[in-house]
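Geometric and topological summary
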Amino acid sequence: MKNTILTGTLCLVVATAVAQTVDYKEIDFQNDASVISTIKVKTGSRYGIRIININKKLYSIDNMVTNTSYHETPPALFEVFSKAELPGKTADGTALANGNTNLVTIDELGDAKLSPALREKLTALNSLYSNTANTIFSNDELLTGFGDAYREIRSILTYQNNLVALQNNCESKFDQIRSEVVNLTRASFRSSTMEQRDRASLASADYYAIRPILVRYFDRTIEEEVRKRYEQINIVFAPSKREQLSKDVTKINATIKALIVAIEKEKPKDAASLSILKKLKAERDGSALQNLLLDKMERYAKVDIVKLNSNMETFAASGQKDVLNVYDYFTPGNWTYIVDAQPIENDLTVIAVNIKPKDAVSCSITAKSYAVNIKAKGGIKIDFSTGLFTNFGGNDFKDQTYRYEPLEGSTTQLQVVKNENKNSIFPSVGALMHVYGRTGHDVKLAGTFGLSTKDLEKINYHLGGSLILGTSKRFILSAGATLTKANLISDEYHVGQTVEKATAPVAIPTASFSRFGFFAAFTYNLTAK
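Read on for a plain summary of the structure. Fair warning: this is a prediction, and the values are worked out from it, not measured in the lab. (Residues numbered from 1 in each chain as written. Predicted model: local features only at pLDDT ≥ 70, side-chain atom pairs only at ≥ 80, totals over all residues. Heavy atoms only, no water.)

**What about the packing of aromatic side chains?**
What counts is decided by this rule: Working definition: rings of Phe, Tyr and Trp (its six-membered ring) pair if their centres are within 6.5 Å, and the pair is stacked with planes under 30 degrees apart, edge-to-face with planes over 60 apart, and tilted otherwise. Numbering goes from the N terminus for both helices and strands, where a helix is a DSSP run of H or I of at least four residues and a strand is a run of E of at least two.
Enumeration according to the criterion identifies 16 aromatic pairs in this entry. Here the aromatic rings of Tyr 159 and Phe 189 are separated by 4.8 Å at their centres, their planes lie at 65 degrees, and the arrangement is edge-to-face. With Tyr 159 in helix H4 (residues 116-167) and Phe 189 in the loop between helix H5 (174-188) and helix H6 (196-202), this residue pair connects regions lying 30 residues apart in the sequence. Arranged with centres 5.7 Å apart and planes meeting at 25 degrees, the rings of Phe 397 and Phe 426 form a pair that is stacked. Of the two residues, Phe 397 sits in the loop between strand E5 (380-392) and strand E6 (402-406) while Phe 426 sits in strand E8 (residues 425-437), which places them 29 residues apart along the sequence.

As structure tokens, this is what we get:
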């Protein structure tokens, strides 16, 4: 015997060890980046994390394990309904069953060879007995129906719990979830007390058509199944009604005893009379009707009808609205996040959305980020840039200098001569304004106008075209015409002119004149403004 017990114990231990498989997620500290992993592990198994290649001397390591079970906390109203004690099924009296409440049969009364007086008393007893039993059963059916209505509302709250579970689904697409809502609704109320026409409609109704069906069903359950039954229960189980039933049963028992004595005095021999006498004695000894009354009254006393009705009125006041609010959640708007349309007025508009899971969600969700870069196109855009300019043009485009040369063959006259310029161009620094149509491309052609200077004493004006390269950081190549001021010989003199040495000014007079030339520029804008 001991060997058998030991062998059985060992088998149980081995079976348990096999069932509780142990596995680990292995992470290489040196190679694996931070990551959130989602896996599925069989219930009853054990699962841990193993981190390798980490020098524990050099790191502080701690871990936290949290265990969460989702959707196991029902709404408060559901808990109230779940804990309530409802009218249970009770056994009928020993010799009585609902629908068969006569003490003796009509045939037995007709065939019995008894005196007319006894037959009349037996008929009256049979009627009182049947009416009393039927009243007890009828009252009990009201109580049972009230309990059934309570269970029906509790099933509605269970349906609400299941809807909440679908609300927290983060693995399925919206269309699939709403299809599950419709199927759940049909399955939940297929066997309810919903009116037949609504139950038939429910089988084919879509999401939006189901809601008014639910509203009618909830209203009917409250009005017909709860409030009317509660009103009737208060009437039939009133103290005066219960007292009257007790008096009727007492009267029936006394009448049965008296009739037994009277029948025995007549000493009948026929089968019908003997059957009646036997049934009367069985009722006297077994007290079937009295036991039935006691059982049903005890059943009524055990149930707090007032409390049950209060719970159901709470459902009527707010609970059904809560159920419908959960049902109403399954619309596209609750599965769609919209960033309001932004005015596209700048070259680049970036719309970024960062999504991360809330605490204690029902399934693991990885954080995600989305960004949309919007480049504007169409309309006129004005930009500015600064940089280096190269200016060039004809002989008179730049400042000129002049000198006197002795006139060959004369000692009293001089000739005006222009000095040779060694530089054909001059640099400057400045800024340009670029006007162009937005295309959204990184390379654009633009018209340009700007100013530049070499030494802050003279301003150069530029008009031309530009090739813009880039979007946020731009480099621009420009070329066109330049209007500048050049110091040239004054109108009183000209190159090659002969002047008298005695009257010639020391320096040849010059004046400032406007001159056109050309420019090329390399400018930039690194500020993205």
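**What about the pattern of salt bridges?**
The criterion, for reference: We define a salt bridge as a side-chain nitrogen of Lys or Arg found within 4 Å of a carboxyl oxygen belonging to Asp or Glu. The buried label goes to any residue with under 20% of its type's maximum accessible area, the exposed label to any with over 50%, and the partly exposed label to all in between, with areas taken from a 1.4 Å probe on protein chains only.
For the structure on display, the rule yields 21 salt bridges. Taking the shortest distance from any N to any O, the salt bridge between Arg 227 and Glu 223 comes out at 2.3 Å. Within this pair, Arg 227 and its partner Glu 223 are both found in helix H7 (residues 207-236), separated by 4 residues, close to a single helical turn. Using a relative accessible area of 31% as the deciding quantity, one classes Arg 227 as partly exposed. Its salt-bridge partner being Asp 285, residue Arg 284 comes within 3.0 Å of it at the nearest N-O pair. When its relative accessible area of 58% is taken as the criterion, Asp 285 is described as exposed. What you see here is one network of salt bridges that share partners, running through Glu 195, Arg 197, Asp 198, Arg 216, Arg 220, Glu 225 and Arg 229.

**Points about the packing of H4 against helix H10 (residues 288-302)**
For the record, the criterion: To define axes, lines are fitted to C-alpha atoms, for helices over the stretch in contact only, and angles between the resulting N-to-C directions are given on a 0 to 180 degree scale. If an angle is under 35 degrees, it is roughly parallel; if it is over 145, roughly antiparallel; if it lies from 65 to 115, roughly perpendicular; otherwise it is oblique. By convention, the crossing between two helices is left-handed when the near helix turns anticlockwise from the far helix through less than a right angle, and right-handed when the turn is clockwise. Residue contacts follow a heavy-atom distance rule, with two residues in contact if any of their heavy atoms lie within 4.5 Å. Polar here means any residue outside two lists: the nonpolar Ala, Val, Leu, Ile, Met, Phe, Trp, Tyr, Cys and Pro, and the charged Asp, Glu, Lys and Arg; Gly therefore counts as polar.
Orientation of H4 relative to H10, taken along the N-to-C sense of each, is 20 degrees, at an axis distance of 10 Å. If you check the angle between H4 and H10, you find them roughly parallel. You can see that H4 and H10 cross each other, and the crossing is left-handed. Within the contact between the two elements, H4 uses Tyr 129, Thr 132, Ala 133, Ile 136, Phe 137, Asp 140, Leu 143 and Thr 144 and H10 uses Ala 288, Leu 289, Leu 292, Leu 293, Lys 296, Arg 299 and Tyr 300. When its residues are assigned to classes, the contact of H4 with H10 shows 10 nonpolar, 2 polar and 3 charged.

**What to know about the packing of H7 against helix H11 (residues 305-327)**
It is the contact of H7 with H11, at a shortest axis distance of 11 Å, that shows an interaxial angle of 175 degrees. The angle between the axes of H7 and H11 places the two elements in the roughly antiparallel class. Each of Tyr 207, Ile 210, Arg 211, Leu 214, Val 215, Phe 218, Asp 219, Ile 222, Val 226, Arg 227, Tyr 230 and Ile 233 in H7 lies in contact with H11, whose residues at this interface are Ile 305, Val 306, Asn 309, Met 312, Glu 313, Phe 315, Ala 316, Gln 320, Val 323, Leu 324 and Tyr 327. Grouping the constituent residues of the contact of H7 with H11 by class yields 17 nonpolar, 2 polar and 4 charged.

Limitation: the analysis is restricted to geometry and does not speak to function.
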